[in-house]
Amino acid sequence: MKAAGHVSWGGGGQIEAAQRIAARAAEAGLPLQLHLPNLPPLAEEGEARRLARKPREENPEYEWRGDPYLQVMDPAVVCDLLRWLREQCGFVQLYDLSAVDPAADAPELWVVYGLLNLAEKVRLELRLGLNKEHLSVPSVVAVHQAADWHEREAAEMFGIVFEGHPDPRALLLPEDWDGFPLRKDYEFPDQYQGISCT
Amino acid sequence: MSSSHPAAAYSRAPGREIELDVATQDCQIHMGPQHPATHGVMRVLLKADGEVLSGAQTHLGYLHRSAEKIGEMVDWLQYLPYTDRYDYLCAMNNNLGYSLGVEKLLGLEAPERAQYLRVILSELNRIASHLFAVGTYGLDLGAFTPLFTALRDREIVLDLFERICGARLTYSFIRPGGLWNDAPEGWLEDVAAFLDLFEKRWHEYWTLVVENRIFIERTADVGVLSAEQAIDWGCSGPMLRGSGVDWDLRRDQPYQVYDRLEFEVVKGSGYRGSVGDCFDRTFVRMFEMTESIRIVRQCLEQMEPGPVHNPEVKSVIRPAPGSAYCGIENPRGELGHYLVSDGSKIAVRVRVRAPSFCNLSVAEHLMPGSMLGDAAAIIGSVDIVVGETDR
């Protein structure tokens, strides 16, 4: 029995799994870079340090808490990478695929792939930076069918083009919707088809 | 298509060759947006060759309310009521999923009593949700009685929720740091009394719905989803377990106090047809209710008095910069929240990985080859809530 209310940081062995996969990827020559969180849980943080913690804009040091992730350095290899993770490392399920716009003035969007290994019971997060000037990434539907609707959603919400998607229609929004709502620079419309939105 | 399916008999029927000489045309049928079997507002475009479906296409978006965008515009705690509204049949579980994600970013956890109460509430909500799922599934297949009997017992759970938090459907009761309040006096005893009552009544549902000859004929061997397909399509919850995959986040990636509780993970076994058919998914839901009874009883036994809210969580919180994914086992499958914080009081990103969304994406691929009348059986067996697929 674990300690009362144990929070498994990194989702139970997630940090070890990310380290292991990063080492294997380096051996196989795949462009993955490991990022580990460097802030401890709040309970382990000293009181003085907690008080000294400042919002990001006042805190130039990159300190963060949460899950580890593997940064994909080259968008072109993402299909091969997922296939390799599936066949060699047992990450058989793509449980989530989404994108994040960190800030309106940020040069890049992130595409986040969440992978699950059912046998070893671990998750893995892959993150891909996409320059906002050129939002294009290969579709991974050929590797994981689960990506089908997730990619359609990310495409209409962020304006990312998933090259080679078999059915790139809009999913949740009308086909004629203007703009990409989940982008930070999105401007809310005044009207849609003559219907006031304000 | 399995050999016992009526469509298979159709294609083998003598005289088929003669029929082929007649010019035929595929028929397009719009099922929904206003159709009781779509459990919300959703449109399925069906293509039928006579009685046999040759294609299906799902059209979503009728209930899209930009929950993820709202998450980037309100405070971390202000977002909580929006979580109630993705899957309004199990709002307690949604509250829990979001709260655990925020707690992970904050780096703290709820007190032990709150954790036990959270498990009790989410398991009671699972019973209510599965009751509704089995009841409305009966309705989809043309039987009215199961829904009314299911609502009778679901009402008792909703009454319990009303007493603890004042709301019957959208609770916002489980929140980052713990709970809004402790259980009122006598509430836990009433939960125990409900479990005793429901344990007896469960057999009524079993004989009324699941052992019903018509129900078996309508669901066995219909919409068969293989284990490989289920994993590849990102299915989770009863949809994945119905296909025989042994996976339950409560056991395999335990959160809260689930690692102290004993329960079985129910899997589909092809009890009446083949593994992964519509019957197996209902079978899993039925037995998950009995497991929920076991879980709640253990919680009632193990929990002790204590605080129910972590005082570290104030009304305005600023989680440290970072990103965290937190997935929990909702009645419909894995509800995931991918939260990104930049250290301010408003989230950078609130991504909701909705279980019905992923489970529904496979349904249109199960339909081709089955009978037109089975379309409602297949969609109903996925147990979607459109509020969640569209968010």
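Residues numbered from 1 in each chain as written. Chains lettered and ligands numbered in written order. Predicted model: local features only at pLDDT ≥ 70, side-chain atom pairs only at ≥ 80, totals over all residues. Heavy atoms only, no water.

Novice: Please explain the environment of Ala170(A) as it appears in this structure.
Specialist: Residue and element names in this part refer to chain A. Mapping Ala170 onto the fold places it in the loop between β7 (161-163) and β8 (191-192). Through-space distance from the C-alpha of Ala170 to that of Ala154 is 9.6 Å; in sequence the pair is 16 residues apart. Residues within four places of Ala170 in sequence aside, it is in contact with Arg152, Glu156 and Glu175. (Helix = DSSP H or I, 4+ residues; strand = E, 2+ residues; numbered from the N terminus. Contact = heavy atoms within 4.5 Å.)

Novice: When you look at empty space enclosed by the protein in this model, what are you seeing that I'm missing?
Specialist: Space left empty within the atom packing is revealed by a probe, the size of a water molecule, rolled over the atoms. Tallied over the full model, the rule gives three cavities of 30 Å³ or more. Its volume calculated, the largest cavity comes out at about 60 Å³. Lining the largest cavity we find Tyr95(A), Asp96(A), Leu97(A), Ser98(A), Val112(A), Gly114(A), Glu125(A), Tyr325(B) and Tyr338(B). Within the residue set of the lining of the largest cavity, elements represented by two or more residues are β3 (93-100) and β4 (108-117) of chain A. Across the lining of the largest cavity, the residue classes break down as five nonpolar, two polar and two charged. (1 Å grid on protein atoms, 1.4 Å probe; cavity = no way out; pocket = protein on both sides within 12 Å on 5 of 7 lines; lining within 4 Å. Points joined across faces, edges and corners; volume = space filled by probe spheres on them. Nonpolar A, V, L, I, M, F, W, Y, C, P; charged D, E, K, R; others polar.)

Novice: When you look at the interface of chain A and chain B in this model, what are you seeing that I'm missing?
Specialist: When the parts come together, some accessible area is lost, and that loss is often what is quoted as the size of the interface. Across the boundary between the two partners, chain A contributes 64 residues, which contact 59 residues of chain B. Here chain A meets chain B over a buried area of about 5,000 Å², counting both sides, of which 53% is carbon and sulfur. The interface formed by chain A and chain B contains eight salt bridges. Residues Glu153(A) and Arg391(B) are paired through a salt bridge, measuring 3.1 Å at the closest nitrogen-oxygen approach. The interface formed by chain A and chain B contains 25 residue pairs in polar contact (both at pLDDT 80 or more). (Buried area = accessible area lost by both parts, 1.4 Å probe. Salt bridge = Lys/Arg side-chain N within 4 Å of Asp/Glu carboxyl O. Polar contact = N/O pair within 3.5 Å; in protein donor to acceptor, adjacent residues only side chain to side chain.)

Novice: Before we go on, may I ask you to explain the pairing of β3(A) in this structure?
Specialist: Regular strands place their side chains on alternate faces of the sheet. All names here are of chain A. Along β3, eight of the eight residues are buried, which leaves the element largely enclosed by surrounding structure. The pairing of β3 with β4 spans seven bridges and is classified as antiparallel. Looking across to β4, one finds that Ala99 is bridged to Val111. (Buried < 20%, exposed > 50% of the residue type's maximum accessible area, 1.4 Å probe, protein only. Pairing = 2+ DSSP bridges.)

Novice: How should the sheet that holds strand β8 (residues 349-353) of chain B be read in this particular structure?
Specialist: Strand pairs in the sheet, formed through backbone hydrogen bonds, run parallel or antiparallel to each other. All names here are of chain B. With antiparallel pairing, the three strands of this open sheet are ordered in space as β6-β7-β8. At either margin of the open sheet sits one strand with a lone partner, and together these are β6 (322-330) and β8. Neighbour to neighbour, the strand axes of the sheet diverge by 15° on average, direction disregarded. Those strands touched by helix α5 (residues 91-106) are β6, β7 (333-341) and β8, and its axis lies near 150° from that of β6. (Axes fitted to C-alpha atoms, helices over the stretch in contact; angles between N-to-C directions.)

Novice: Explain the packing of aromatic side chains to me, please; I cannot follow it from the model alone.
Specialist: Any two aromatic rings considered together are summarised by their centre-to-centre distance and by the angle between their planes. Residues and elements named next belong to chain B. Overall, the coordinates contain 24 aromatic pairs over all chains when judged by the stated rule. An angle of 65° between the planes, with centres 6.4 Å apart, marks the rings of Phe173 and Trp180 as edge-to-face. You can call Phe173 buried: its relative accessible area is 1%. Through a chain of ring-to-ring contacts, three or more aromatic side chains come together here, namely Tyr137, Trp202, Trp206, Phe215, Tyr271, Phe279, Phe283 and Phe287. Above the plane of the ring of Tyr271 lies Arg272, whose end atom (NZ or CZ) is 5.1 Å from the centre. (Phe/Tyr/Trp six-rings, centres within 6.5 Å; stacked < 30°, edge-to-face > 60°. Lys NZ or Arg CZ within 6 Å of the ring centre and 35° of its normal.)

Novice: Which parts of the structure should I look at to understand unusual backbone geometry?
Specialist: Excluding glycine, most residues fall at negative phi; most peptide bonds, likewise, are trans. A positive phi angle, close to 60°, is found at Lys121(A), a residue other than glycine. Inspection of the secondary structure puts Lys121(A) in the loop between β4 and β5 (122-131). For Lys121(A), a relative accessible area of 34% gives the class partly exposed. Unusually for a residue other than glycine, Gln256(B) sits at a positive phi of about 50°. One can find Gln256(B) in the loop between α12 (249-252) and α13 (278-302). With a relative accessible area of 9%, Gln256(B) lands in the buried category.

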